[in-house]
Amino acid sequence: SRLAKLPSSRRAFISAFSGPLSLPPAPSPALLRRRSSVARMSAANSFDSSQQSAPGSSDDFIVAVDGPAGAGKGTVAKRLATAYGLAHLESGLLYRAAGLLSLRRGIPFDQDGRVAQLCETITLDDLAYPELRSDQAAQAASCISVHPSVRAALLDLQRRFAHFPPDGCRGTIIDGRDIGTVVCPEAPLKFFVDARVDVRAKRRHQEFVGKEMGMPFEEVLEDMKQRDKRDRERAEAPLVAAHDAVVVDTSDMTIDQAVDAVATHVDAFLRRRAEKMGSAQSAESVGVDPVREGGS
Ligand SMILES: Nc1ncnc2c1ncn2[C@@H]1O[C@H](COP(=O)(O)OP(=O)(O)O)[C@@H](O)[C@H]1O
Ligand SMILES: Nc1ccn([C@@H]2O[C@H](COP(=O)(O)OP(=O)(O)O)[C@@H](O)[C@H]2O)c(=O)n1
């Protein structure tokens, strides 16, 4: 079987979690807010996902954070989300959920039609499972994510999230591989967070230390290299910096330094936007009111 070919640590992991995903933890208030917001989005807005981008204003406050595994995208995005009141989506979790569900249901990774069908059923509620953080889920994700039909099946959800933040959020921040290039090419703020592969593997290895899913460093490094190669070389939505993305190499930065590097650009964007809105408002206040002009 396919599982027999996997190293023993992975077989143990997969058999421990075979069957449907284990019972979810109680949803957090944040998850519940997102769930109701997504339900509202689905009912109210329907659009053709083959379009270049979702409807919504080009003024929407959307931050795209792309880059390879372990570069610090998620960490930076999470911190910025808190600092600026943005809703955060880790788009990789969608692909991880699709990969893990395919494994558990015995759907071979090359049966893209069946995997894409599975993707249609994935919701934001499915992203809270801790198993999705495993290396096995990451590898499965990078295998199924090469298929155009699988990517297309997950596009709509990401675009809706980008343009329709939950109540109380002033915008969205999404991290992934193709957010600035494919999902939200219209995002006014794009970052490509990068780091050397040895640094990235060390960070990821540290995360696994002491956990049940611990793996030797060499295995983490090898898996990361394989994943980088698949992500960079796939024909559809490969991992590449958008032409208008700011590249931040975090190899020799602390988390605080990486967050500051990105936040500087977000602050500048917000200042520009406030100035633009300020000058539009003052132009309006000195201009002729067309309604009153026409009506009197
Ligand atoms: N600049 C940094 N310096 C040191 N460790 C970092 C840095 N950025 C992230 N990390 C750590 O590296 C690990 C991977 O970061 P993460 O944000 O999950 O990366 P990504 O989302 O790009 O895969 C996490 O444990 C995180 O705490
Ligand atoms: N926008 C995205 C996000 C992830 N992915 C795929 O999903 C895998 C897991 O992504 P992730 O962001 O959760 O991985 P990490 O960077 O956290 O290790 C990647 O290796 C990609 O193959 C993608 O194709 N497009």
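Reading the values: rules and limits
- Position numbers for residues start from 1 in each chain and track the written sequence from start to end.
- Both sets of labels track the order of writing: A upward for chains, 1 upward for ligands.
- Owing to the predicted nature of the model, reporting of local features is limited to residues with pLDDT of at least 70; listing and counting of side-chain atom pairs is limited to 80 or more, with chain, interface and lining totals taken over all residues.
- Processing note: side-chain calculations cover all non-hydrogen atoms of the structure and skip hydrogens and water entirely.
- UniProt positions are given in the numbering used here, feature names are shortened, and annotations may be inferred rather than shown by experiment.
- Helix and strand labels come from DSSP, where a helix needs a run of H or I of at least four residues and a strand needs a run of E of at least two; each type is numbered from the N terminus.
- Partly exposed residues are those whose accessible area sits between 20% and 50% of the maximum for their type, while under 20% is buried and over 50% is exposed, using a 1.4 Å probe and protein chains only.
- When checking whether two residues touch, look at their non-hydrogen atoms; a contact exists if any pair is within 4.5 Å.
- Only the protein chains shown count as cover for residues, and the accessible areas themselves come from Shrake-Rupley with a 1.4 Å probe.
- Nonpolar cores are built from buried Ala, Val, Leu, Ile, Met, Phe, Trp, Tyr and Cys residues. Side-chain atoms within 4.5 Å join them into one set.
- Per residue, pLDDT captures the predictor's confidence, and it can take any value from 0 to 100.
- Given a helix with a known number of residues, its expected span is that number minus one, times 1.5 Å.
- It is the directions from the helix axis to the C-beta atoms whose arc is reported.
- For each residue, the test is whether any non-hydrogen atom lies within 4 Å of the molecule or strand; if one does, the residue is near.
- Distance and chemistry together define a polar contact, namely a pair of N or O atoms within 3.5 Å, with one atom able to donate a hydrogen and the other to accept it when in protein, and with adjacent residues in sequence counting only for side-chain atoms on both sides.
- Under the grouping applied here, Gly and all other residues not named as nonpolar or charged are polar, the nonpolar ones being Ala, Val, Leu, Ile, Met, Phe, Trp, Tyr, Cys and Pro and the charged ones Asp, Glu, Lys and Arg.
- For this analysis, a salt bridge means a side-chain nitrogen from Lys or Arg found within 4 Å of a carboxyl oxygen belonging to Asp or Glu.

The name an unreviewed UniProt entry gives the protein is (d)CMP kinase, with Vitrella brassicaformis as the organism. As its UniProt record puts it under Sequence similarities (unreviewed entry), the protein is described as follows: "Belongs to the cytidylate kinase family. Type 1 subfamily."

Participant: Explanation requested: the overall build of the protein in the structure shown.
Facilitator: Across its full length, the protein carries 12 helices and 5 strands. Put simply, the protein has 296 residues, and 44% of those count as buried. Pairs at least 24 apart in sequence give 81% of the contacts found in the protein among residues at least 6 apart. In the structure as shown, the protein presents an accessible area of about 14800 Å², 55% of it carried by carbon and sulfur atoms.

Participant: It is not clear to me how the nonpolar core should be interpreted in this structure. Could you clarify?
Facilitator: Across soluble globular proteins, nonpolar side chains have a tendency to be buried as a group. Core analysis: the largest hydrophobic core is formed by 39 residues, its most contacted members being Cys119, Leu127, Ile144 and Cys184. Of all the secondary-structure elements, those providing two or more residues to this core are strand 1 (62-66), strand 2 (86-90), helix 4 (92-104), helix 5 (112-120), helix 6 (135-144), helix 7 (148-163) and helix 8 (179-183). Looking at which element gives the most residues to this core, the answer is helix 4, with 8 residues. Leu86, Ala263, Val266 and Phe269 belong to the second-largest nonpolar core, a separate cluster that totals 22 residues.

Participant: Where do I start with the confidence of the model for the protein in this structure?
Facilitator: Here the protein averages 80 in pLDDT, and 74% of its residues register 70 or above. Across residues 288-296, confidence stays below pLDDT 50; counting only partners more than four residues off in sequence or on other chains, it has 1 contact. If you check the scores for this complex, the pTM reads 0.81 and the ipTM reads 0.98.

Participant: Teacher, can you tell me more about helix 3 (residues 73-84) here?
Facilitator: Three- or four-residue spacings in an α-helix give side chains the same orientation, since the helix completes a turn every 3.6 residues. Taking 1.5 Å per residue, 12 residues should reach 16 Å; helix 3 reaches 16 Å between its end C-alpha atoms and fits that length. Those residues of helix 3 lying buried are Lys73, Val76, Ala77, Leu80, Ala81 and Tyr84. The arc enclosing the buried residues of helix 3, seen along the axis, measures out at 135°, which places them on a common side. For helix 3, the exposed residues lying more than 90 degrees away from the buried face are Lys78, Thr82 and Ala83. At the exit of helix 3 stands glycine 85, carrying a positive phi of roughly 70°.

Participant: Would you take a moment to explain the site of ligand 2 for this structure?
Facilitator: The local shell around ligand 2 holds 17 residues, among which Arg96, Arg151, Arg204, Arg227 and Asp231 are the closest. Here a nitrogen atom of ligand 2 and a side-chain polar atom of serine 91 are 3.0 Å apart. At 2.6 Å, a side-chain N or O of arginine 204 approaches an oxygen atom of ligand 2. When the free accessible area of ligand 2 is taken as 530 Å², the share hidden by the protein chains comes to 94%. Going through the elements one at a time, helix 4, helix 6 and helix 10 (217-233) are the ones with two or more residues in the shell around ligand 2. Element by element, the count of residues in the shell around ligand 2 is highest for helix 4, at 3 residues. Its residues assigned to classes, the shell around ligand 2 shows 3 nonpolar, 5 polar and 9 charged.

Participant: What is the right way to look at the pattern of salt bridges in this model?
Facilitator: Think of it this way: side chains of opposite charge can pair up when their charged atoms draw near. Throughout the structure, instances matching the rule amount to 14 salt bridges. Its salt-bridge partner being glutamate 90, residue arginine 133 comes within 2.9 Å of it at the nearest N-O pair. Here arginine 133, found in the loop between helix 5 and helix 6, pairs with glutamate 90, found in strand 2; they are 43 residues apart in sequence, far enough to count as distant. The partly exposed category is assigned to arginine 133, whose relative accessible area is 43%. Note on glutamate 90: relative accessible area 24%, which makes it partly exposed. One salt bridge connects aspartate 228 with arginine 200, and the closest N-O pair in it is separated by 2.6 Å. Linking aspartate 228 in helix 10 with arginine 200 in helix 9 (residues 197-208), this pair joins segments that are 28 residues apart in sequence. An identical accessibility class is assigned to aspartate 228 and arginine 200; each is buried.

Participant: Would you take a moment to explain the site of ligand 1 for this structure?
Facilitator: Around ligand 1, 14 residues are found, and the nearest of them are Gly70, Lys73, Gly74, Thr75 and Glu207. One of the backbone nitrogen or oxygen atoms of glycine 72 is found 2.9 Å away from an oxygen atom of ligand 1. Within the backbone of methionine 253, an N or O atom sits 3.0 Å from a nitrogen atom of ligand 1. If ligand 1 stood free it would expose 560 Å²; the protein chains cover 76% of that surface. Mapped by element, the contributors of at least two residues to the shell around ligand 1 are helix 3 and helix 9. For the shell around ligand 1, the residue count by class is 5 nonpolar, 5 polar and 4 charged.

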